[in-house]
Amino acid sequence: MILTRFLRIVRQRLRSLLGKSRVDAELSHELAFHFDQLVRENVAEGMNPQDARRAARRVLGNVGLLEEQCRDQRRTRWFDDARQDAVYAGRMMRKNPALTAIAAMSLAVGIGANTTVLGVADAMLFGNLPYRDSGRLVMIRTFAFQNPATLSNASLPDFFAFKEQTRSFESVGCSLADQKNLGAGEDGAAPERIFGQGFSPGLFETLAVQPLLGRTFTEADYRRGPPAVVVLSHGLWRRYFRADPNILGRHIRLNEASTEIIGVMPPDFRFAEERAEYWVPMNVTPTPLQAGVRYFIVAARLRKGATPESAQAELSNVATQLAADYPETHQGWGARLQPMREALFGWTREALVTLEAAAILVLLIACANVAALLLARGSTRRRELAMRAALGAGRARIARQMITESLLLACIGGALGVAVTWVGLHALPLITPPPNAPRLPEIPLNVRMLLMTGLTSVLTGLIFGVSPALAVVRQDLSVTLKTSPRGKGMRTQYPVRGVLVAGQVAFAFVLVVGASLLLKSAARLAGRELHFDPHGLATFEVRLPTQRFMHSIGSYHDFPYMALDPPPAPKFERILDRLRRVPGTDAVAGISGPPVNGFIVPTLAVTVDGGRASGDTSYFLVTPHFFATMRAEVVRGRDFDTRDTQGAAWVAVVNETAAHRFWPGQDPLGQRFSLDSVPDDRPREVIGVVRDIPTRVRETGAEPVIYASYLQQPSRYRLPWANMLGQMTFVVRAPGNPMALVPAARKAVAEIDSELPLSNIAPMDAYTGVAVRDSFYYALALSAFASVAAFLAAMGAYGVAAYAVAQRTHEIGIRVALGARPVQVFRIVGRQTVLLLGAGLGTGWVAARSLSRLLASQLWQVAPTDPSVFAAAFLVLAVVAGLACAGPLRRGMQVNPVLALRTE
């Protein structure tokens, strides 16, 4: 019975809401029917028709009031009132299009920016990872106790200890970044260098990902020696093999070895390495070799019922045991467990927190600005609101009207904010991730973001709508009609607006300081001295398959020891000679690792004459005339040339930092040193000193570097640095566009060896500008927020100044009539404005000094409390706010007393 009654009530309520006109017509028809019946009854009792109608009206009463009472019984009056308030609010906005546009655009930036950042954070924190039951997936990282915030990958002893000495994990696997030459295709496609990963046994099972086609690796695949099978990424399958559905069982050439395709992964599968296009079996063994080389990415799946805390406790015990087993490489190192989501996308935390803080500040400034605008508009509507109160509207009803206007304005801002969100979602993935971390995926605008936009709009409308509504409620509306429009009651709003404007200026100061720090950091990075000329240089890499020239012969210093037979240098010498004959080239040279853009830079221990060890030093192999091709200044001695052959005395060029460190106060030319690479490495003589060329993208300071001739190398080398003898990054200088020579260079290399592809092809400007570009993307995003905040703060300052002048026009007119000079008038109308701006700037200075320290890790050679940045931000905001106030203050000083007193 109760349910039946409830459903009947719901049906009636919906009918009253959705079919109001028809229900009202039915009510009018029913009341007319009752009236007619009363008239008929009165006529039947002997009354004449006119008296009968009069008597029926007395019985029925006020029909209009009765209809209102009947409508109230439907409990839907609130909807009608809200609709009327919304219609009236829309009418008021049409009457003030400038105010509406400024307020809506201000709110759109704040709401859209917040939705963008929160939407990305939601996708990173709660979105689906491309792995089954991803909540149990973790990654195991290592860290040095002296720098616990910096996490590293694991070594092979680490991996096997994590796998065999723990009980909290269901399975453990590891991977290693890899690159291979993909041979020429059957359809004539040129060979290319592709990035991939080696997967240990159990890693696919740990990730619990099923291939789109075929299968993953079995135990037999790991026992077949060199990778005989491969699993392709969805992107490589579509790009190179045109999504051939019959790809399984087909053989391709990877590093000149025939490899069978056994599977294709789904489109969204990625693990750590963003560029991976293939996966091959990696048969790892529990060898103590390379105990200090932490290159392996370890993933594990927690057992059901196991907690991250218990797993972390086990890992800590394992790290202690590893320190005892390998004291030279593991003493002072620990292990840390990370949830998979944090390990993959934890790098976004700093950037997103900074951007979200900026977005919140912009939204608060926008709210304060709109609240101030509505307060000012409320002053002009005092008589209107008083008239409504006199006609029977209660204070709550009037306040509700003001809140409705605020909500409608916020909803318009939210609707425009959806466009801002769409732009932001396409811009944020441009943020470059750190090495071994995936890039932010493309995040579509979804329902949750739209709901978030709606909720933010409602909350925003309530936030900035409270002040105007409270101002209306507190007004003595009964005397408003009797007082002057510039009465005392209107001046009570000035302190509220002043506080709002001071807050806007303070928030804007914080944002301007943050954006200026990031811009100065990016500018310093862009303006750093490279000590060579990157313009007109093209770079590309050529790598020989390792099986061509490296053969294991034992171990040295706990690393595999490799024989170089045949040595790769003659092959590179032929390629270099052929490239120099390409028409249009000014100069060609080579270096073993990419200059400026290095990630893993080879380092070797250096011992100078006298047996004094000098620590590890970055080490590169270069061809003759390398520094001349780079146009790098050799400050002492000479560059490598054709005299520096295998049979000649072994020589080296050092940079200035190495010269100062190894031979302080001495002439480095002629000094001798040895490299602790292999036993048969010969001592080398310094023949030149070159300027410090950066080796890494975001190198914070100069580091010692040694350059040796690629021809003067021993016939045996240890891993991992033996690989650098089989790779060469060529730099080609041309007078025009150097990238136009790439097709000819590719053809020239193919003439020497048709199996060698060119990879990492780019102008040198791209390498030198990559860090600058990424830094500027981030700085420009914050600068956009800061610009909006400064504009809104200037608008607030303008509003306060204009309001002060408008309220004191009568007083100014009297003072001018009594002989006040313009300077005295300025003191009257400008003092309060200047005090408010000063309070806002002072508060912002204090807040910025505290909050700017949070940006320290994102700055490059810039202190977070840089006084020049603070002074510039102070000056910029002071000038912007001063210019905004200049117009109203100027009008105040030019008040005509006759007109002012006459209008009053």
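The structure presented is a predicted model; accordingly, all values stated were derived computationally and were not measured.

Cut-offs and rules
Residues numbered from 1 in each chain as written. Predicted model: local features only at pLDDT ≥ 70, side-chain atom pairs only at ≥ 80, totals over all residues. Heavy atoms only, no water. Helix = DSSP H or I, 4+ residues; strand = E, 2+ residues; numbered from the N terminus. Buried < 20%, exposed > 50% of the residue type's maximum accessible area, 1.4 Å probe, protein only. Contact = heavy atoms within 4.5 Å. Areas by Shrake-Rupley, 256 points an atom, 1.4 Å probe, with all protein chains shown as cover. Salt bridge = Lys/Arg side-chain N within 4 Å of Asp/Glu carboxyl O. Phe/Tyr/Trp six-rings, centres within 6.5 Å; stacked < 30°, edge-to-face > 60°. Lys NZ or Arg CZ within 6 Å of the ring centre and 35° of its normal. Pairing = 2+ DSSP bridges. Axes fitted to C-alpha atoms, helices over the stretch in contact; angles between N-to-C directions. Arc of directions from axis to C-beta. Parallel < 35°, antiparallel > 145°, perpendicular 65-115°, else oblique. Left-handed = near helix turned anticlockwise from the far one by under 90°. Nonpolar A, V, L, I, M, F, W, Y, C, P; charged D, E, K, R; others polar. Patch = residues over 30% accessible without salt bridge, like charges linked within 9 Å, V, L, I, M, F, W, Y side chains within 5 Å. Core = buried A, V, L, I, M, F, W, Y, C linked by side-chain atoms within 4.5 Å. pLDDT = per-residue confidence, 0-100. Expected span 1.5 Å × (residues − 1). Polar contact = N/O pair within 3.5 Å; in protein donor to acceptor, adjacent residues only side chain to side chain.

**Here's the deal with the overall build of the protein**
Then, number 1: When helices and strands are tallied, the protein shows 29 helices and 25 strands.
Then, number 2: Buried residues in the protein amount to 51% of all 904 residues.
Then, number 3: In the protein, 82% of the contacts between residues at least 6 apart in sequence involve partners at least 24 apart.
Then, number 4: Accessible area of the protein: about 41700 Å², with a carbon and sulfur share of 59%.

**Concerning the pattern of salt bridges**
Where charged atoms from two side chains of opposite charge come close, those side chains can pair.
Then, number 1: Using the criterion set out here, one finds 24 salt bridges in the structure.
Then, number 2: Salt-bridge contacts for Lys571 lead to Asp753; the nearest nitrogen and oxygen are separated by 3.1 Å. Of the two residues, Lys571 is situated in helix H21 (residues 569-580) and Asp753 in the loop between helix H24 (742-752) and strand S25 (759-763); the sequence distance between them amounts to 182 residues.
Then, number 3: For Arg638, the salt bridge is made with Asp641, and the minimal N-O distance between the two is 3.5 Å.

**Overview of the packing of aromatic side chains**
Then, number 1: The tally for this structure, following the rule as stated, stands at 22 aromatic pairs.
Then, number 2: Relative to Phe204, the ring of Phe199 lies with its centre 4.8 Å away and its plane at 50 degrees, an arrangement referred to as tilted. Phe204 matches Phe199 in its accessibility class, with the two residues each being buried.
Then, number 3: Over the ring of Phe195 we find Arg275; its NZ or CZ atom is 3.7 Å from the centre of that ring.

**What about the sheet that holds strand S13 (residues 550-556)?**
Then, number 1: Judged by pairing direction, the sheet is antiparallel, and its three strands sit side by side in the order S13-S14-S23 without closing on themselves. Because the sheet does not close on itself, it has two edges, and the strands there are S13 and strand S23 (716-718). This sheet shows a mean twist of 35 degrees between the axes of neighbouring strands, independent of strand direction.
Then, number 2: Here three bridges tie strand S14 (residues 559-564) to S23, and the two strands are oriented antiparallel to one another. The partner of Met562 across the bridge, within S23, is Tyr717.

**Overview of unusual backbone geometry**
Then, number 1: Look at the link from Asp565 to Pro566: it is a cis peptide, with omega at -5 degrees.
Then, number 2: Looking at where Pro566 falls in the secondary structure, it is placed in the loop between S14 and H21.
Then, number 3: The phi dihedral of Ala208 falls on the positive side, at around 55 degrees, and the residue is not glycine.
Then, number 4: Along the chain, the position of Ala208 falls in the loop between helix H8 (203-207) and strand S5 (213-214).
Then, number 5: Classification of Ala208 as buried rests on a relative accessible area of 14%.
Then, number 6: Positive phi, close to 65 degrees, is recorded for Ala272, a residue that is not glycine.
Then, number 7: Looking at where Ala272 falls in the secondary structure, it is placed in the loop between strand S8 (257-264) and strand S9 (278-281).

**Points about the pairing of strand S15 (residues 587-591)**
Then, number 1: Burial of S15 is extensive: four of the five residues sit out of reach of the surface.
Then, number 2: The pairing of S15 with strand S24 (residues 727-733) spans five bridges and is classified as antiparallel. Counted as the bridge partner of Ala589 is Val731 from S24.

**Overview of H24**
Then, number 1: Within H24 the residues assigned to the buried category are Val742, Ala745, Ala748, Val749 and Ile752. Across the axial projection of H24, the buried residues extend over an arc of 120 degrees, all falling on one side. For H24, the exposed residues lying more than 90 degrees away from the buried face are Pro743 and Lys747.
Then, number 2: Those residues of H24 hidden inside the fold are in contact with strand S12 (537-543), H21 and S25.

**Overview of the environment of Leu621**
Then, number 1: For Leu621, the location among the structural elements is in strand S17 (residues 612-622).
Then, number 2: Not counting residues up to four positions away in its chain, the partners in contact with Leu621 are Gly590, Ile591, Ser592, Ala708, Ser709, Tyr710, Gln713, Met724 and Leu725.

**Quick look at the packing of H21 against H24**
Then, number 1: The geometry of H21 relative to H24 is characterised by a closest axis approach of 9 Å and an angle of 140 degrees between their N-to-C directions. One finds that H21 runs oblique with respect to H24. Of the two possible hands of crossing, H21 and H24 adopt the one that is right-handed. The residues of H24 that touch H21, namely those facing Lys571, Arg574, Ile575, Arg578 and Leu579, are Ala745, Ala748, Val749, Glu751 and Ile752.
Then, number 2: Of the residues assigned to the contact of H21 with H24, the class counts are six nonpolar, no polar and four charged.

**A few points about a nonpolar patch on the surface**
Then, number 1: Taken together, the side chains of Leu455, Val458, Leu459, Leu462 and Ile463 present a nonpolar region at the surface, about 440 Å² in accessible area.
Then, number 2: Mapped onto the fold, Leu462 is located in helix H17 (residues 447-474).

**Observations concerning the packing of helix H7 (residues 156-164) against helix H11 (residues 308-325)**
Then, number 1: Two elements in contact, H7 and H11, have axes separated by 10 Å at closest approach and are oriented at 135 degrees. With respect to H11, the axis of H7 lies oblique. In this structure, H7 crosses over H11, and the sense of that crossing is right-handed. Where H7 abuts H11, its residues Pro157, Asp158, Ala161 and Phe162 lie against Leu315, Val318 and Leu322.
Then, number 2: Its residues assigned to classes, the contact of H7 with H11 shows six nonpolar, no polar and one charged.

**A look at the nonpolar core**
Then, number 1: In this structure, Tyr131, Leu207, Phe269, Phe271 and Met340 are the most contacted members of the largest nonpolar core, which totals 105 residues.
Then, number 2: Take this core: its biggest share by element is 16 residues, from helix H14 (residues 348-380).
Then, number 3: In this structure Tyr131 touches Leu137, Leu207, Val209, Phe269, Arg270, Phe271, Met340 and Leu344, once residues within four positions along its chain are discounted.
Then, number 4: One finds Met562, Leu604, Ala658 and Ala722 within the second-largest nonpolar core, a separate group that totals 50 residues.

**Brief notes about the pairing of strand S7 (residues 251-254)**
Then, number 1: By the alternation rule, side chains of S7 split into Ile252 and Leu254, which are all buried, and His251 and Arg253, of which none is buried.
Then, number 2: Here S7 runs beside S8; their pairing, made up of four bridges, is antiparallel. Along S8, the bridge assignment pairs Arg253 with Ser258.
Then, number 3: The turn linking S7 back onto S8 is made up of two residues, and Asn255 within it adopts a positive phi angle of 50 degrees.

**A look at the confidence of the model for the protein**
Then, number 1: Scored by pLDDT, the protein comes out at a mean of 81, with 83% of its residues at no less than 70.
Then, number 2: The low-confidence segment residues 485-493, where pLDDT is below 50, has 19 contacts with residues more than four positions distant or belonging to other chains.

**Here we look at the side chain of Thr729**
Then, number 1: In this fold, Thr729 is placed in strand S24.
Then, number 2: Classification of Thr729 by relative accessible area gives buried; the value is 4%.
Then, number 3: Setting aside its immediate chain neighbours within four residues, Thr729 contacts Thr539, Phe540, Glu541, Ala589, Gly590, Ile591, Gly593, Pro594 and Pro595.

**Regarding helix H3 (residues 49-60)**
Then, number 1: Taking 1.5 Å of rise per residue, 12 residues should cover 16 Å, and H3 covers 16 Å from first to last C-alpha, within 8% of that figure.
Then, number 2: Buried within H3 are the following residues: Ala52, Ala55, Ala56 and Leu60. Across the axial projection of H3, the buried residues extend over an arc of 130 degrees, all falling on one side. Opposite the packed face of H3, turned more than 90 degrees from it, sit the exposed residues Gln50 and Arg58.
Then, number 3: Gly61, located one to two residues past H3, shows a positive phi value of around 85 degrees.

**Concerning the side chain of Lys571**
Then, number 1: Overall, Lys571 belongs to the buried group, its relative accessible area being 19%.
Then, number 2: Not counting chain neighbours up to four residues away, the residues in contact with Lys571 comprise Leu544, Arg548, Ile752 and Asp753.

**A few points about the environment of Ser168**
Then, number 1: Turning to its location among the elements, Ser168 is positioned in the loop between H7 and strand S3 (169-182).
Then, number 2: Residue classification places Ser168 among the buried residues on the basis of a relative accessible area of 6%.
Then, number 3: The spatial distance from the C-alpha of Ser168 to the C-alpha of Pro308 is 8.5 Å, given a sequence separation of 140 residues.
Then, number 4: Leave out the neighbours within four places in its chain, and Ser168 touches Arg301, Leu302, Arg303, Ala306, Ser310, Ala311 and Glu314.
Then, number 5: Among the polar contacts listed, one links the side chain of Ser168 to the side chain of Glu314, at a separation of 3.1 Å.

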